[in-house]
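# Coordinate analysis (summary)
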Amino acid sequence: MISIKDLTISYDGKSKVIDSLNLSLVKNNIHGIVGLNGAGKTTTLKMLSGLLHPTGGKAIVLGHTPWNREAGFLSAMTLVMGQRNRLSWDIPAADSFLLNQAIYRISDTDYKSVFGELNDLLDLKDIMRK
């Protein structure tokens, strides 16, 4: 469950990047954020993951205020941004993920479990080796 009330952020104290965002998302649904470049999509996600502190408003994510960065929240929250630098252009995505597994020292058991779950959820089997 995510509940957002009047969430606002301003970097210079004047212009509001996000101005009074109100949103309620329910568990077990898939949601997407769509908008033009500069609309505040990434900024919103960074606030909801606790990476940025808003200048106003409230948010509850998984029962926590994200920017308080409580241990219970941090252990339950993951944010993956769609940046291409996580995948190598020269090798299949599956091999890029194996490289990241080694870099971040993720156990084989954890890697196989999460990789399999996401592969099934996102139905990527046919393109993972391309």
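Here is a short report on the structure shown in this document. These figures come from a predicted structure and were not determined experimentally. (Residues numbered from 1 in each chain as written. Predicted model: local features only at pLDDT ≥ 70, side-chain atom pairs only at ≥ 80, totals over all residues. Heavy atoms only, no water.)

### Quick look at the overall build of the chain
- The number of helices and strands found in the chain is 4 helices and 3 strands.
- Across the 130 residues that make up the chain, the buried fraction comes to 22%.
- Element-wise, carbon and sulfur atoms account for 55% of the exposed surface of the chain, whose accessible area totals about 9,700 Å².
- Separation between the mean location of the 15 positive side-chain charges and that of the 12 negative ones in the chain comes to 6 Å. (Helix = DSSP H or I, 4+ residues; strand = E, 2+ residues; numbered from the N terminus. Buried < 20%, exposed > 50% of the residue type's maximum accessible area, 1.4 Å probe, protein only. Areas by Shrake-Rupley, 256 points an atom, 1.4 Å probe, with all protein chains shown as cover. Lys, Arg positive; Asp, Glu negative; His and termini not counted. Charge placed at Lys NZ, Arg CZ, Asp CG, Glu CD.)

### Regarding helix α3 (residues 93-103)
- Among all positions of α3, only Ala94, Ser96, Asn100 and Gln101 are buried. Buried residues in α3, looked at end-on, bunch into an arc of 160°, giving them a common side. For α3, the exposed residues set more than 90 degrees away from the buried face come down to Ala102 and Ile103.
- Where α3 is buried, its residues meet α4 (108-122).
- The first or second residue beyond α3 is Arg105, which carries a positive phi of 55°. (Arc of directions from axis to C-beta. Contact = heavy atoms within 4.5 Å.)

### What about unusual backbone geometry?
- Of note in the backbone geometry, Arg69 takes a positive phi value of approximately 50° without being a glycine.
- Inspection of the secondary structure assignment puts Arg69 in the loop between β3 (56-61) and α2 (71-74).
- A residue is classified by how much of its surface remains accessible, and Arg69, at 39% relative accessible area, is partly exposed.
- The phi torsion at Asp123 lies on the positive side, around 55°, for a residue other than glycine.
- Asp123 sits in the exposed class, given a relative accessible area of 61%.

### Details of the sheet that holds strand β1 (residues 2-10)
- The strand order across the open sheet formed by 3 strands is β2-β1-β3, and the pairing between neighbours is antiparallel. Only two strands of the sheet have a single partner each, and these edge strands are β2 (16-25) and β3. Looking at each pair of strands side by side, their axes are set apart by 20° on average, direction ignored.
- When β1 meets β2, the two strands line up antiparallel, connected through 6 bridges. The partner of Ser10 across the bridge, within β2, is Lys16. (Pairing = 2+ DSSP bridges. Axes fitted to C-alpha atoms, helices over the stretch in contact; angles between N-to-C directions.)

### Focus on the environment of Pro92
- Secondary-structure assignment places Pro92 in the loop between α2 and α3.
- For Pro92, a relative accessible area of 18% corresponds to the buried category.
- Each C-alpha atom of the pair Pro92 and Ile127 lies 8.5 Å from the other, and the pair is 35 residues apart in sequence.
- Once residues lying within four places of it in the same chain are set aside, the contact partners of Pro92 are Met128, Arg129 and Lys130.

Read these as spatial facts, not as claims about activity.
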